[in-house]
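Overview (structure and organization)
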Amino acid sequence: MAEKKTTKATATKKVAAEKAATKAPAKKAPAKKVAKETVLYINAENAGFRAGDVYQVLAASEKAVTVAEISKAAKITEGEVVLGLGWLLKEGKVASTEDNKVVLA
């Protein structure tokens, strides 16, 4: 049987291909984004502060607004808005409308 002669160029290509295969970094899976978990501390002081934030937004808007709009304007979470609304509803400071909006009473 006749053996194939390898030239220096082919041998170099083979070595380079082997090195590239061993050096190629493995593709990493993209990191999963973990949602930040917010903690809502429910106590009289915090509820009072959230009620103040909600009241300020309602007073500034002078119209009925949704919970999401209050949350965005006051830069607090929707859970905190609901906490403040509960306080204000109990005091009779706010009233809700038919279209799930809140307005000052």
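Heads up: the structure comes first, above all this text.
Reading the values: the criteria
- Residues numbered from 1 in each chain as written.
- Predicted model: local features only at pLDDT ≥ 70, side-chain atom pairs only at ≥ 80, totals over all residues.
- Heavy atoms only, no water.
- Helix = DSSP H or I, 4+ residues; strand = E, 2+ residues; numbered from the N terminus.
- Polar contact = N/O pair within 3.5 Å; in protein donor to acceptor, adjacent residues only side chain to side chain.
- Contact = heavy atoms within 4.5 Å.
- Core = buried A, V, L, I, M, F, W, Y, C linked by side-chain atoms within 4.5 Å.
- Buried < 20%, exposed > 50% of the residue type's maximum accessible area, 1.4 Å probe, protein only.

Moving on, we get to the side chain of Ser 71. With respect to the element layout, Ser 71 can be found in helix α3 (residues 67-74). At 2.4 Å, the side chain of Ser 71 forms a polar contact with the backbone oxygen of Ile 76. Apart from residues lying up to four places away in sequence, Ser 71 is in contact with Ile 76, Thr 77, Glu 78 and Val 81.

A word on the nonpolar core. Counting 13 residues, the largest nonpolar core has Val 54, Leu 58, Ile 70, Val 81, Leu 85 and Val 94 as the members making the most contacts within it. At the level of secondary structure, the elements contributing two or more residues to this core comprise α2 (44-61), α3 and α4 (78-91). Counting residues per element, this core draws most heavily on α2, at 4 residues.

Glancing now at unusual backbone geometry. At Lys 75, a position not held by glycine, the phi torsion is positive, near 60°. Mapping Lys 75 onto the fold places it in the loop between α3 and α4. Phi is positive for Asn 100, which is not a glycine, with a value near 55°. Mapping Asn 100 onto the fold places it in the loop between β1 (94-96) and β2 (102-104). Asn 100 sits in the exposed class, given a relative accessible area of 68%.

Turning to the environment of Arg 50, a few remarks are in order. Note that Arg 50 resides in helix α2. The class of Arg 50 is buried, set by a relative accessible area of 16%. In this structure, the C-alpha to C-alpha distance between Arg 50 and Leu 83, residues 33 residues apart in sequence, is 6.8 Å. In contact with Arg 50, other than residues within four places in its own chain, are Ile 76, Glu 80, Leu 83 and Gly 84.

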